[in-house]
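# Structural overview
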Amino acid sequence: MKRLIPLLAALAIVVAALFVTQDSGSVDPLSGAGAGGGRSPQAEAPPAVLQRDAGVQAGANGSDGALGAADQARGGSRAAATELLLGAVADGEFQVVVRDPKTKAAFRSAEVLMIDRSTMDLAWTRALAEAGGIRQLMRGSGTRFPCDEQGVAVVPQILNGVVYANEDGYEGWYEWIGPIQGPLTLDLKPAIDLQVRVVDPTGQPVPNVPVVVCVRDWDNPRALMETASVSPSGIASFRRMEASLGSRSSNQSYAVRLGIPLARAEMIPIDLANLPTTPLVLTRPPAGRLMVRIVGGDGQPIPRADVCLGAYRANPLNSAEQIFVAEEVRMGAAGFARFESVPVDSRPLIRISGDSEKEDLIAEVEAPPGEAQAVEVTLVWDTLAAALVARALDSGARPIPNRRGRLQLVQDGVAQGGGAILTDGEGRFRVPLRSPWKPGATRKAKLEFFPEPEVAPLTAEIDLSFELEAGDNAYGDIVFHGLPLLASGICLGPDGPLEGVQVRLVRKRMTKVGAEWSPVGSLMATSGLEGRFELWGEPEGEGPFGVSGRRRGFSMAVAQDVVPPVTGLTLQFEVGEDDAGALRGGKSSRPPETPGPVILTPEEKARVRGAEGAGGRGGRRR
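Residues numbered from 1 in each chain as written. Predicted model: local features only at pLDDT ≥ 70, side-chain atom pairs only at ≥ 80, totals over all residues. Heavy atoms only, no water.

### A word on the pattern of salt bridges
- Under the criterion given, the structure shown has 17 salt bridges.
- Its salt-bridge partner being R284, residue E371 comes within 2.1 Å of it at the nearest N-O pair. Separated by 87 residues along the polypeptide, E371 in the loop between β22 (361–364) and β23 (374–380) and R284 in the loop between β16 (280–283) and β17 (287–295) bring together distant segments of the chain.
- On the accessibility criterion, R284 (6% relative accessible area) is buried.
- Ionic pairing is found between R430 and D472, a salt bridge with its closest N-O pair at 2.7 Å. With R430 in strand β28 (residues 428–432) and D472 in strand β31 (residues 471–479), this pair connects stretches of sequence that are 42 residues apart.
- Taken together, the salt bridges that share partners define one network made up of R289, R338 and E340. (Salt bridge = Lys/Arg side-chain N within 4 Å of Asp/Glu carboxyl O. Helix = DSSP H or I, 4+ residues; strand = E, 2+ residues; numbered from the N terminus. Buried < 20%, exposed > 50% of the residue type's maximum accessible area, 1.4 Å probe, protein only.)

### Considerations on the nonpolar core
- Among the nonpolar cores identified, the biggest contains 22 residues, and C491, L505, F533, V547, L569, L571 and F573 are the most heavily contacted of them.
- Only β33 (485–493), β35 (502–511), β36 (514–526), β37 (532–536), β38 (545–550), β39 (557–562) and β40 (566–572) provide two or more residues apiece to this core.
- Once residues within four sequence positions are removed from consideration, L505 is found in contact with L486, S518, P519, V520, L523, L535, P539, F545, G546 and V547. (Core = buried A, V, L, I, M, F, W, Y, C linked by side-chain atoms within 4.5 Å. Contact = heavy atoms within 4.5 Å.)

### Some points on the sheet that holds strand β11 (residues 210–215)
- With antiparallel pairing, the 4 strands of this open sheet are ordered in space as β12-β11-β14-β15. Looking at strand neighbours, the two that pair on one side only are β12 (223–228) and β15 (268–270), the edges of this open sheet. Between one strand axis and the next, the sheet turns through 25 degrees on average, direction left out of account. (Pairing = 2+ DSSP bridges. Axes fitted to C-alpha atoms, helices over the stretch in contact; angles between N-to-C directions.)

### Thoughts on helix α3 (residues 121–128)
- Taken residue by residue, α3 has W124, A127 and L128 as its buried positions. The arc that holds the buried residues of α3, viewed along the axis, is 100 degrees, so those residues lie on one side. Those residues of α3 that are exposed and aimed more than 90 degrees away from the buried face are L122 and R126. (Arc of directions from axis to C-beta.)

### Focus on the confidence of the model for the protein
- Averaged over the protein, the pLDDT score is 74; the fraction of residues at 70 or greater is 74%.
- Per-residue pLDDT, averaged within each element of the protein, yields its smallest value for helix α2 (residues 69–72) (30) and its largest for β16 (94).
- Note that pLDDT drops below 50 for residues 14–88; the model gives that stretch 140 contacts with residues more than four away or on any other chain. (pLDDT = per-residue confidence, 0-100.)

### A short note on unusual backbone geometry
- For the bond running from P564 to P565, omega is -5 degrees, close enough to zero to count as cis.
- Positive phi, normally seen in glycine, also occurs at L262, with a value near 65 degrees.
- Tracing the sequence through the fold places L262 in the loop between β14 (254–258) and β15.
- Of the residues examined, L262 reaches a relative accessible area of 16% and is grouped as buried.
- One non-glycine residue, N402, lies in positive phi territory at about 55 degrees.
- Tracing the backbone through its elements, the reader meets N402 in the loop between β24 (386–393) and β25 (404–411).
- The class of N402 is exposed, set by a relative accessible area of 55%.

### Re the environment of M267
- Summarising the element assignment, M267 is placed in the loop between β14 and β15.
- Once you skip the residues sitting within four places of it in the chain, M267 turns out to touch C214, V215, R216, D217, W218, P221, A255, V256 and R257.

### Description of the packing of aromatic side chains
- Using the criterion set out here, one finds 5 aromatic pairs in the structure.
- Linked through ring pairs, F94, Y174 and W176 together constitute an aromatic cluster. (Phe/Tyr/Trp six-rings, centres within 6.5 Å; stacked < 30°, edge-to-face > 60°.)

### Brief notes about the environment of Q204
- Secondary-structure assignment places Q204 in the loop between β10 (194–199) and β11.
- For Q204, a relative accessible area of 46% gives the class partly exposed.
- For the pair Q204 and T283, spaced 79 residues apart in sequence, the C-alpha to C-alpha distance is 9.4 Å.

### Concerning the sheet that holds β22
- Taken in spatial order, the 4 strands make up an open sheet running β19-β18-β21-β22, and their pairing is antiparallel. Two strands close off the open sheet at either side, each with one partner strand: β19 (318–332) and β22. Recorded for the sheet is a direction-independent mean angle of 30 degrees between the axes of neighbouring strands.
- When strand β21 (residues 349–352) meets β22, the two strands line up antiparallel, connected through 4 bridges. By the bridge assignment, I352 is partnered in β22 with L361.

Okay, here's the thing in structure tokens:
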């Protein structure tokens, strides 16, 4: 055995040497760098380490798609370098000429970024495999060299290098292994799919203006992609549009427009199959800056308020009404919000979103007086929201202290949500009523106290068909009544009590295919840690009733022929899919409107325990 160890070691060394010296033959993800793509004639010099295939270039230029492995895999392949001269350097400098491949004009304001491949080989390999990876690597790690008026940058002479340049939506890069002779010509090609130039009414470029690709619909030109004219030349660049929009309906048409608020949309149609090669031009209307300061009734700034800039629009559901449409939202940090590019001929409306103490404030403000001018307005936000102040009593006229619940507003039979209720030690509570109501409508409020251990949920209903005033509206005493217990019991699985089962009261009706179960209202409960449940509420209509339980991963269980109230029910579950034809006690089918069961995560369980009964009227976990 000892004699074999030296032989095995020698064999391993030989195999390793053969592996290192041979070409890997792997597919290069940047295969689109075929002959002539931004290469200098001097790049044909034989490399010091790797002999490449005849006629294959080492450099690459291209669009954003050319920097992605998936896109380039369709274009062919070339041999990849498998060996570098680590730490190799060379003396001297050489020139890199950055130019437009069509006009041959120099990119005077470009910068050349350079990295040493011998020190960043792993990072470079990873960048090749990621869309946009080269661009991100060079911008984060490359050493910068500015170009002169002739678009020429002087860079140090190194072995195993990469140079990269980008300018105004164009980019290109070149990679070499071994010695290189200059000058090197780096032709930049479009790195984007579409360019849009933003100009002012005089034709001068305007930076920092949002531009969007939208649906070509004059009534609803909703934005699908958005960018900004971040360069000094006012160019906004959109990348990979075909990948982002090509999967949509072929009948859908698109356009580009400015993304500034309160402006009539000037839309330029575009065709994804035939995108323009020159920048489209959008003219920004005369615009300025609007600064909004928010203070309270005491004159102190109100921080962190949502400030919306918008206008009134016709209500699509009721043409006789107008609704506020927010076109831009800013957080009023330190009581101050700023809006850029507000047209000078607009009629700005400012809305400050209300909270539990104050209602929304909508005010018309002054537009900027002229191009590039600013206007500052101060709004006093002291409009109090209407609130209901009352005392909760039980059926014995005793105060209900320290109970939590919710209020639901109902107008003409339509529920509109509501606020939370929390009583103090004497049963008093205050709840805001912020939902807008139509004059003359029938308005009611349903109030509910959630169930607690050994305590049934409580409900009440009051009439609010009167004019509410800003601030507190005293209602007096409200009597709450307890909901009756419909059913209670335990959910058992193969291994014992089953937690997280959705338990519902259901009604049976006979069909041609057998018994069909449908839920009764929103009555629902969820089994607790010990598998126990209590279902509270008032059933609607007549039976026969049943109690169903569902949880993902288990077949549904139904206790049939239940006459509320009933206690001591046992719902037995078996592992399996929800089989509509295998209900215990007879042939049946799945309740068609019953929501699917869920398995709660620990975080979800904690939220459910913190809001017992909130999942449905009368619901409760035990």
